[in-house]
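As a plain string of letters, each chain reads:
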There are 2 protein chains.
Amino acid sequence: MAITVVGSVAFDSIETPAGRRERCLGGAATYFSLAASYFTNVRVIAVVGDDFGKRQEAVFAARQIDTAGIEHTKGKSFFWEGSYLDNLNEAKTHTTELNVFGNFEPKIPEAYRDSEFLFLANIDPVLQRRVRDEMPDVKLVAGDTMNYWIKDHRAALLEVLKGLDILLINDTEARMLGGHNNLAQAARAVLEMGPQSLVVKHGEYGATLFHREPAGQQIGEFASQQVSKLANRPCGESARPQIGRSKKTFRAPALPMEEVVDPTGAGDSFAGGFFGYLAAQPEITPAAFRRAMFYGSVMGSFACERFGTERLQQLTRQQIDERFILFRELTHLD
Amino acid sequence: MAITVVGSVAFDSIETPAGRRERCLGGAATYFSLAASYFTNVRVIAVVGDDFGKRQEAVFAARQIDTAGIEHTKGKSFFWEGSYLDNLNEAKTHTTELNVFGNFEPKIPEAYRDSEFLFLANIDPVLQRRVRDEMPDVKLVAGDTMNYWIKDHRAALLEVLKGLDILLINDTEARMLGGHNNLAQAARAVLEMGPQSLVVKHGEYGATLFHREPAGQQIGEFASQQVSKLANRPCGESARPQIGRSKKTFRAPALPMEEVVDPTGAGDSFAGGFFGYLAAQPEITPAAFRRAMFYGSVMGSFACERFGTERLQQLTRQQIDERFILFRELTHLD
C-alpha cells in the first residue's frame, strides 16, 4: 500500500573521516523515500528550488517514487553543511540554509489522497499537523521530530503527537521529550502524549520499539513475579486494532561496522525501511512490527556505507533480505 | 564444572538516585561468584581484612561458593565509595582504599587446582598472569580489566591477554585498548592481542560478542557480496577446538528498565552469568556461547534491581530462566 511522506528534499555538503562530498542529494524525505521504495510505492511532498534538476529527479524516478508532490519554486533548495570528524554518532552543523524550505506550504496532490500510510518526516510540527489533518483516512501515521521542535515548539509538537500512531526519534530526543534520563521512563511519558508506539533509535546500538501499555502496567517492569504476566499480557484496547495484539517491547540490533563512511540519513533510512516494510504487509501483526524493526536497521546500515544516498540508490531486494538474515543471525539464539 | 575466580572482595558505599548504602558487600569476585553460582560450582581467591566476618562469609556460604581461597589478614578490606547521581552509566569514585588488597598475593588452594574454568577479574595484570600460569590445565580462561591497567600497565596486560580465551570489557575500555574509536576496528585490534573471543559490554544497550577471524576476513564486513560468504564461513583453525565452529559476531540485549537502583557490579554479574553458564555446558558450542551472552545480560539486569549484591543473593534458577525467556522475546522475530 502506498506511503505519502512529507519532509525535506535538500542538498548536503558532508565531511567525515572517509572524505568530503559537496551538495549531495539529501533531506529526510529523500532518504526515507529511497529506503521505503524497496518495499512499497512512495509519494513525496516537498519543496525544492531551481537547483533541483533532472539529475536529482532521476534518482527518485529510478526507484519509481512519485514526485508529483515535489513543488518547484524560484530560489535555492534547502542546504545543509555538516561534519562528523570527531564523532560519527553526532553531526556538527556548519551551515543551515532553509532557502525555499523556509516558506514550505505542503500541497497534497489529489492522486496521493488514497495513500493508506503517512509519514511526517522532521519538519515544523504545524505543517506536520496540517498534512495529517488533510489526510484523515490513512490507516497508519508515523512521524519524526528533532530537539529544536521539542524544545521550542512543544505545544505544536504535542498536537502532532496526538494524531500519531508511531513516533520514531533517537535517544536524546526521547529523553528530552519525555523529561526523564531513564529511557524506559522517558518512553512511557512519550507514549502518554499520544502515539501508540515509539521507536527509539540508538545509532550503533540498534533501536527499541515501545508500545503503550494498558493502564497499571509498566514498561520494563521486571519483578520476577510479573514475568509470566508480561509474557501473556492481553492486548490493550486499541483505537487502531490492525496493529494487533500482544504488543511487547522489542529491540532490533545494529551491526558493528568496520567503516561508517557517512551516517547522514541513517535515521531517516531506518524510518523508511521500517514503515515501508509495514506498508507492504497484508496485516500489521506484532510479528510484522518486529520484522519492520529489523528492516529499519538493515536500511540504516546500508545508508552508512557510502556518502549521501549513493548506497540506497543501488540496492536490490535480495541484498536487503540477505542482510536481514545476517541481522537475525546476529541476535537469534538458534 | 568448577570455576576458580580471582579478584576483589570489598566493601562499597554507594549513592544512587534511589538512595544510599554504607559498606555493602561488594568487589568484582563477589558479584561474579554470586552470579555464576546459579549455574555451577564457584571457588574464590581473594584477600579480606578483619572487617570481613561471619555475616559476609554467610553470603558466599548460602550460595555454596567455596571460600577456602579467601585469605584473611590483619587490617581492613578493600573499600570503595562512589555515586551515580548524575549518570547511572558511570560511577563517580569518591574514595578508593586498597587496604589489605594493596598487598594481595593470590594463593591457590590445592583443592582448586582441578578447576576447568578460570576467571581473572579486574586486578593487577601481574597477579592475573601469575594465577593463570599456576593453573595451566584449565580448559577455558576469561578475564576482565579496566582503564587504569590499559593506560598505565599495558605491557603487563598484554602478557595476560596472550593467555586469555575470552576478554570481557566495556565499550570505553575496548576503544582504549584497541586504539580505535570504531568499535568493530577496536575489537579486531584487541583480538589480535591474544583472546579468541571478546565480549564488549554496552551497559543499557546490551553486549556484543566478537570472535577472532581467520586471516583476511573482517569483523563487520558487510559488502553485500560478502554476505553469503560470511553466513557460510568455515571455522578458523582454533587452538581450543571446544569453542566450536561457525563463530559469528553476536549481540545480546539489555532490557530498558524503569528503575536502575544500583548499577554497581552489573558488569561483573554479566561475566558471572556468562562464564557460569558456559562452565555448566557439556560442550562449548557456538550456540552455548550465544545463550551464555543472554545469561550474562540476565544476571547483569538482576544486579541493578537492588543495592549491592542484594538481588543476586535471592534469586532462583526459575526466575533466571523466566527472564532469559523475556530477553528472547525482546529480540527474536518469532
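Residues numbered from 1 in each chain as written. Chains lettered and ligands numbered in written order. Predicted model: local features only at pLDDT ≥ 70, side-chain atom pairs only at ≥ 80, totals over all residues. Heavy atoms only, no water.

> Can you explain the interface of chain A and chain B? Please cite residues and give values.
On the chain B side, the residues contacting the 54 residues of chain A number 54 residues. The junction of chain A with chain B conceals about 4600 Å² of combined surface from both sides, 52% of it contributed by carbon and sulfur atoms. By the criterion of area lost to chain B, the three top residues of chain A are Arg251(A), Glu258(A) and Leu333(A), representing 21% of everything that side buries. At the junction of chain A and chain B, the tally comes to eight salt bridges. Counting every contact that joins chain A to chain B gives 26 residue pairs in polar contact (both at pLDDT 80 or more). Elements that contribute at least two residues to the side of chain A that touches chain B include exactly helix H6 (171–178), helix H7 (183–191), strand E12 (207–211), helix H8 (227–231), strand E13 (250–252), helix H10 (286–303) and helix H12 (317–331) of chain A. (Contact = heavy atoms within 4.5 Å. Buried area = accessible area lost by both parts, 1.4 Å probe. Salt bridge = Lys/Arg side-chain N within 4 Å of Asp/Glu carboxyl O. Polar contact = N/O pair within 3.5 Å; in protein donor to acceptor, adjacent residues only side chain to side chain. Helix = DSSP H or I, 4+ residues; strand = E, 2+ residues; numbered from the N terminus.)

> Describe the pattern of salt bridges, with residues and values.
Within the structure shown, the criterion is met by 40 salt bridges over all chains. Close ionic contact of Arg175(A) with Asp171(A) constitutes a salt bridge, the shortest N to O distance being 3.5 Å. Of the two residues, Arg175(A) and Asp171(A) are both situated in helix H6; the distance of four residues between them amounts to about one turn of the helix. Assessed through its relative accessible area of 9%, Asp171(A) is described here as buried. For Glu134(B), the salt bridge identified is with Arg113(B), shortest N-O distance 3.5 Å. Taken together, the positions of Glu134(B) in helix H3 (residues 125–134) and Arg113(B) in the loop between strand E7 (92–97) and strand E8 (117–120) put the pair 21 residues apart, joining distant regions of the chain. Through salt bridges with shared partners, a single network forms among Glu15(A), Arg20(A), Glu22(A) and Glu81(A). (Buried < 20%, exposed > 50% of the residue type's maximum accessible area, 1.4 Å probe, protein only.)

> Tell me about the packing of helix H1 (residues 28–36) of chain A against helix H9 (residues 266–279) of chain A, residues and numbers included.
All names here are of chain A. Between H1 and H9, the shortest axis-to-axis distance is 7 Å and the interhelical angle comes to 40°. The angle between H1 and H9 falls in the class oblique. Note on packing geometry: the crossing formed by H1 with H9 is right-handed. Each of Ala28, Tyr31, Phe32, Ala35 and Ala36 in H1 lies in contact with H9, whose residues at this interface are Asp268, Ser269, Ala271, Gly272, Gly273, Phe275 and Gly276. The class makeup of the residues in the contact of H1 with H9 is seven nonpolar, four polar and one charged. (Axes fitted to C-alpha atoms, helices over the stretch in contact; angles between N-to-C directions. Parallel < 35°, antiparallel > 145°, perpendicular 65-115°, else oblique. Left-handed = near helix turned anticlockwise from the far one by under 90°. Nonpolar A, V, L, I, M, F, W, Y, C, P; charged D, E, K, R; others polar.)

> With reference to specific residues and values, describe the relation of the copies chain A and chain B.
Screw-axis analysis of chain A against chain B gives a translation of 0.0 Å along the axis, an RMSD of 0.0 Å, and a rotation angle of 180°. Taken together, these values place the two copies in the relation of a two-fold axis. Both copies share a contact surface, since 100% of the interface residues of chain A are interface residues in chain B too. (Least-squares fit on C-alpha atoms with pLDDT ≥ 70 in both.)

> Describe in detail the packing of aromatic side chains, supporting the description with residues and values.
Considering all chains together, one arrives at 31 aromatic pairs over all chains under this definition. By way of ring pairs, the aromatic residues Phe39(A), Phe250(A), Tyr277(A), Phe294(A), Tyr295(A) and Phe324(A) are connected into one cluster. Above the face of the Phe302(B) ring, Arg323(B) is positioned so that its terminal group lies 3.8 Å from the ring centre. (Phe/Tyr/Trp six-rings, centres within 6.5 Å; stacked < 30°, edge-to-face > 60°. Lys NZ or Arg CZ within 6 Å of the ring centre and 35° of its normal.)

> Outline the sheet that holds strand E3 (residues 19–26) of chain B, listing residues and values.
Two orientations exist for strands paired in a sheet by backbone hydrogen bonds: parallel and antiparallel. Residue and element names in this part refer to chain B. An order of E3-E2-E6-E7 is seen for the four strands of this open sheet, with the pairing classed as mixed. Across the chains shown, the open sheet's two edge strands, defined by having one partner strand only, are E3 and E7. Going from strand to strand, the sheet's axes swing by 15° on average, the running direction of each strand aside. Taken together, the six bridges between strand E2 (residues 10–16) and strand E6 (residues 78–83) define a ladder with parallel strand orientation. Bridge pairing in E6 places Asp12 opposite Trp80. Seen against the sheet, helix H1 (residues 28–36) touches E2 and E3 and runs at an angle of roughly 80° to E3. (Pairing = 2+ DSSP bridges.)

> I'd like to hear about the pairing of strand E11 (residues 197–201) of chain B, residue by residue, with values.
Residues and elements named next belong to chain B. Along E11, five of the five residues are buried, which leaves the element largely enclosed by surrounding structure. The two faces of E11 match: Ser197, Val199 and Lys201 on one face and Leu198 and Val200 on the other face are all buried. As paired strands, strand E10 (residues 166–170) and E11 are joined by five bridges and run parallel to one another. The residue bridging Ile169 from the neighbouring strand is Val200, located in E11. The turn linking E11 back onto strand E12 (residues 207–211) is made up of five residues, and Gly203 within it adopts a positive phi angle of 60°.

> A description of the confidence of the model for chain A should follow, citing residues and the corresponding values.
Residues and elements named next belong to chain A. Residue-level pLDDT values for chain A average 90, and 90% of them are 70 or greater. Note that residues 216–245 has pLDDT below 50 and, in this model, 65 contacts with residues that lie over four places away or in other chains. Across the whole predicted complex the pTM is 0.89, and at the interface the ipTM reaches 0.86. (pLDDT = per-residue confidence, 0-100.)

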